[in-house]
Amino acid sequence: IYNIIKNNVIRAIEMYIGKFIWEVYWWILENQGNNLQNSVDIYNKNMSRIYIQKLISTTIIELLWVILAFFIAYSLRSMRDWIPYIQLPIPYISYDQFIPFVLCGTILWCIVFIRWWLYSLRPHTPIVEEIRLVITYSFFWFFVYIGFIYLSTGFIFTSEIPRLIIFYTYIISTIFSIWIRY
């Protein structure tokens, strides 16, 4: 009896999860139709191998640029003499705290850009529209990431992360993201 109940419960859960995924898929098709029409279907058998390789390599290179942007922002923030004769106090961030900070930011960047189809190659989208989309969703990433950092300070991050590092990362990674597309 236990196995019958267990199997029925598992089937019911799978059915509800499958139904939920199907509804989310149709919601995306209905509400994000413009983005889907311009995007490329990765499962299309007629798509060339070079095009798929370009799609994957662009994504990996962009994520590496975002990680590099974090380290550039870290080094920029550690400079004290931006204003002559004024020494600004700079809180020290250990690498034990900085590495999870970078990983969380990169994963969130990837989630935001995948969610709004920015990793799909759209050859028919005008350059200005593509730049507008990158700036809009990187700005969205910036605010979500700041919220995440300050809500998780104290249990994920032991000390406060300087906001200037997040701002520098936003600027640098947005520039890299626009640059890599063209």
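For clarity, every value in this text was computed on a predicted model and none was experimentally measured.

Draft legend 1. Representation of the overall build of the protein chain in the model. Check the secondary structure of the protein chain and you find six helices and zero strands. Listed by position from the N terminus, the elements making up the protein chain come as α-α-α-α-α-α. Sorting the 182 residues of the protein chain into buried and exposed places 34% on the buried side. At a minimum sequence separation of 6, the contacts of the protein chain that also span at least 24 residues come to 75%. Carbon and sulfur atoms form 69% of the exposed surface of the protein chain, whose accessible area is close to 12,400 Å².

Draft legend 2. Structural view of the packing of aromatic side chains. Scanning the entire structure with this criterion turns up 26 aromatic pairs. Seen in terms of ring centroids, Phe142 and Phe167 are 6.1 Å apart; in terms of plane orientation they differ by 70°. Their pairing is edge-to-face. In this pair, Phe142 sits in helix H5 (residues 127-152) while Phe167 sits in helix H6 (residues 163-181), placing the two residues 25 residues apart along the sequence. Look at Tyr145 and Phe148: their rings are 6.3 Å apart centre to centre, the planes differ by 20°, and that puts the pair in the stacked class. One end of the pair, Tyr145, and the other, Phe148, are both in helix H5, three residues apart, so they sit about a helical turn from each other. Using a relative accessible area of 0% as the deciding quantity, one classes Tyr145 as buried. Three or more aromatic residues link up through ring pairs in this structure, and these residues are Phe70, Phe71, Tyr74, Tyr95, Phe98, Phe101, Trp109, Phe113, Trp141, Tyr145, Phe148 and Phe157. Above the ring of Trp116, the side-chain terminus of Arg115 is found at 5.0 Å from the ring centroid.

Draft legend 3. Just a nonpolar patch on the surface, in detail. A contiguous nonpolar patch, built from Phe71, Tyr95, Ile99, Leu103, Ile107 and Ile111 and spanning about 560 Å² of accessible area, is present on the exposed surface. Tallying contributions element by element places helix H4 (residues 95-115) first for the nonpolar patch, with five residues. With respect to the secondary-structure elements, Tyr95 resides in helix H4. With relative accessibility at 44%, the residue Tyr95 sits in the partly exposed group.

Draft legend 4. Region of interest: the packing of H4 against H5. Put simply, H4 and H5 touch, their axes get as near as 10 Å, and they point 140° apart. Considering the angle they form, H4 stands oblique to H5. Judged by the sense of rotation from one axis to the other, the crossing of H4 with H5 is right-handed. Two secondary-structure elements touch here, H4 through Phe101, Val102, Cys104, Gly105, Leu108, Trp109, Val112 and Phe113 and H5 through Val134, Tyr137, Ser138, Phe140, Trp141, Val144, Tyr145, Phe148 and Ile149.

Draft legend 5. Region of the structure containing the nonpolar core. Core analysis: the biggest nonpolar cluster contains 30 residues, and Phe70, Phe101, Phe113, Trp141 and Tyr145 have the highest contact counts within it. Secondary structure elements with two or more residues in this core: helix H3 (49-77), H4, H5 and H6. Excluding its chain neighbours within four sequence positions, the residues that come into contact with Phe101 are Phe70, Tyr145, Ile149, Phe157, Ile161, Ile165 and Ile166.

Draft legend 6. Examining the pattern of salt bridges more closely. Here the structure, examined in full by the defined rule, presents four salt bridges. Between Glu129 and Arg132 there is a salt bridge whose closest N-O contact spans 2.6 Å. Of this pair, Glu129 and Arg132 both sit in helix H5, separated by three residues, roughly a single helical turn. Exposure remark for Arg132: the relative accessible area of 43% places this residue in the partly exposed category. The residue Glu160 makes a salt bridge to Arg163 at a minimum N-O spacing of 3.6 Å. The structure contains a network of salt bridges with shared partners spanning Glu62, Glu130 and Arg181.

Cut-offs and rules
Residues numbered from 1 in each chain as written. Predicted model: local features only at pLDDT ≥ 70, side-chain atom pairs only at ≥ 80, totals over all residues. Heavy atoms only, no water. Helix = DSSP H or I, 4+ residues; strand = E, 2+ residues; numbered from the N terminus. Buried < 20%, exposed > 50% of the residue type's maximum accessible area, 1.4 Å probe, protein only. Contact = heavy atoms within 4.5 Å. Areas by Shrake-Rupley, 256 points an atom, 1.4 Å probe, with all protein chains shown as cover. Phe/Tyr/Trp six-rings, centres within 6.5 Å; stacked < 30°, edge-to-face > 60°. Lys NZ or Arg CZ within 6 Å of the ring centre and 35° of its normal. Patch = residues over 30% accessible without salt bridge, like charges linked within 9 Å, V, L, I, M, F, W, Y side chains within 5 Å. Salt bridge = Lys/Arg side-chain N within 4 Å of Asp/Glu carboxyl O. Axes fitted to C-alpha atoms, helices over the stretch in contact; angles between N-to-C directions. Parallel < 35°, antiparallel > 145°, perpendicular 65-115°, else oblique. Left-handed = near helix turned anticlockwise from the far one by under 90°. Core = buried A, V, L, I, M, F, W, Y, C linked by side-chain atoms within 4.5 Å.

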